[in-house]
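These are the residues of each chain, in order.
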Amino acid sequence: MNNILQQIRRLFQQKSAPQEGFVREALERSARETNSYQEWCSNNLEPFRLILQQKLLAEDPERRHDDFFVLQTPSTRGFILQQPGLHFGQRNCPWVFDWLGEAVQRQGYYRQNADVRSWIRENDVVEKLERRYFKPRFAYDEGQQISDQRFGNILVEHRIMDGQTTEIRLVNHIYHDRAWTQALPFRDLLEAMLAQPA
């Protein structure tokens, strides 16, 4: 139980980072990185998609490894992939992160922002946090005077310490006011993102 509480805190209570050594830049992939990613998707995506599908959609928590943590609360839903290098291999982790962002966009979302933040931590460890923030494509019902939030806003993050991925997470925030439709179930989002491509 203590492990679950620690994971919940890590998912939704980020400690504020010291500002020393903080750098924020736009997150952009070079042409070479983009080509490598596209080649990876063509040749290597399927086993990683299946791992995510089996672990994140497992009905029985016993079938879900502790490194694949899913949380659903009334306002915030999400998952954390802890130590993804152990499950996917370090070199594949950036591509898993990129693919999750594309999978979100396929659900009727657009990328509002993408950045990378860097800090110098104790013992000169460099921490980088790549983030992509997605919002649902605008759909307003004039008759009901309400906007469709689909699943709510979605943030995908990739945490890197000294060049090694330590965590990939997806956080889904829901609107509760009357200006928005009720959010679709989080499991529906996961199932749609992780479905086998047609």
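Residues numbered from 1 in each chain as written. Predicted model: local features only at pLDDT ≥ 70, side-chain atom pairs only at ≥ 80, totals over all residues. Heavy atoms only, no water.

*Asks:* Help me understand the layout of surface pockets, please; the structure alone is not making it clear to me.
*Replies:* If a probe the size of a water molecule is rolled over the atoms, the empty space left behind becomes visible. Its volume calculated, the second largest pocket comes out at about 240 Å³. Around the second largest pocket, the lining is made up of 13 residues, and of these Leu 27, Arg 29, Glu 33, Lys 128 and Glu 130 lie nearest the centre. Sorting the residues of the lining of the second largest pocket by element identifies β1 (23-26), α4 (93-105), β5 (126-136) and β8 (153-161) as the ones contributing at least two each. Residue classes in the lining of the second largest pocket are distributed as six nonpolar, one polar and six charged. (1 Å grid on protein atoms, 1.4 Å probe; cavity = no way out; pocket = protein on both sides within 12 Å on 5 of 7 lines; lining within 4 Å. Points joined across faces, edges and corners; volume = space filled by probe spheres on them. Helix = DSSP H or I, 4+ residues; strand = E, 2+ residues; numbered from the N terminus. Nonpolar A, V, L, I, M, F, W, Y, C, P; charged D, E, K, R; others polar.)

*Asks:* When you look at the packing of aromatic side chains in this model, what are you seeing that I'm missing?
*Replies:* One pair of aromatic rings is described through two measures. These are the centre distance and the angle between the planes. If you walk through the whole model with that rule in mind, you get seven aromatic pairs. On the numbers, 4.3 Å between centres and 15° between planes, the contact of Tyr 175 with Trp 180 is stacked. On the basis of relative accessibility, which here comes to 24%, the residue Trp 180 falls in the partly exposed class. (Phe/Tyr/Trp six-rings, centres within 6.5 Å; stacked < 30°, edge-to-face > 60°. Buried < 20%, exposed > 50% of the residue type's maximum accessible area, 1.4 Å probe, protein only.)

*Asks:* Teacher, can you tell me more about the nonpolar core here?
*Replies:* Across soluble globular proteins, nonpolar side chains show a tendency to be buried alongside one another. Leu 52, Leu 56, Phe 79, Trp 99 and Leu 100 are the most contacted members of the largest nonpolar core, which has 35 residues in total. No other element matches α4, which puts eight residues into this core. In this view, Leu 100 contacts Leu 52, Phe 79, Val 156, Ile 168 and Met 193; residues no more than four positions away in its chain are not counted. (Core = buried A, V, L, I, M, F, W, Y, C linked by side-chain atoms within 4.5 Å. Contact = heavy atoms within 4.5 Å.)

*Asks:* Please explain the side chain of Ser 147 as it appears in this structure.
*Replies:* Topologically, Ser 147 is positioned in strand β7 (residues 146-147). Under the relative-accessibility criterion, Ser 147 is labelled buried at 8%.

*Asks:* Hey, could you run me through the sheet that holds β5 in this one?
*Replies:* Hydrogen bonds between backbone atoms are what pair the strands of a sheet, whose relative direction is either parallel or antiparallel. The antiparallel open sheet is built from seven strands, whose spatial order is β1-β4-β5-β8-β9-β3-β2. The two strands at the open ends of the sheet, each matched to only one other strand, are β1 and β2 (68-72). Strand after strand, the sheet turns through a mean of 15° between neighbouring axes, direction not considered. Inspection of the sheet shows β8 paired to strand β9 (residues 164-173) by nine bridges, in the antiparallel sense. The residue of β9 that forms the bridge with Arg 159 is Glu 167. Packed on one face of the sheet, helix α2 (residues 31-56) meets β2 and β3 (76-82) and runs near 50° to β2. Each of β3, β4 (109-120), β5, β8 and β9 touches α4; the most contacted strand, β8, lies at about 175° to it. (Pairing = 2+ DSSP bridges. Axes fitted to C-alpha atoms, helices over the stretch in contact; angles between N-to-C directions.)

*Asks:* Would you mind going over the environment of Phe 79 with me for this structure?
*Replies:* Structurally, Phe 79 is set in strand β3. For the pair formed by Phe 79 and Val 156, sequence separation is 77 residues and the distance between their alpha carbons is 9.7 Å.

*Asks:* How do you make sense of unusual backbone geometry when you look at a structure like this?
*Replies:* It is generally the case that most residues other than glycine have a negative phi and that most peptide bonds are trans. The phi dihedral of Asn 123 falls on the positive side, at around 60°, and the residue is not glycine. Relative accessible area serves as the criterion here: at 73%, Asn 123 is assigned to the exposed category. Look at Gln 145: it is not a glycine, yet its phi comes out positive at around 55°. Examined against the element boundaries, Gln 145 turns out to sit in the loop between β6 (140-141) and β7. Residue class for Gln 145 comes out exposed when judged on its relative accessible area of 58%.

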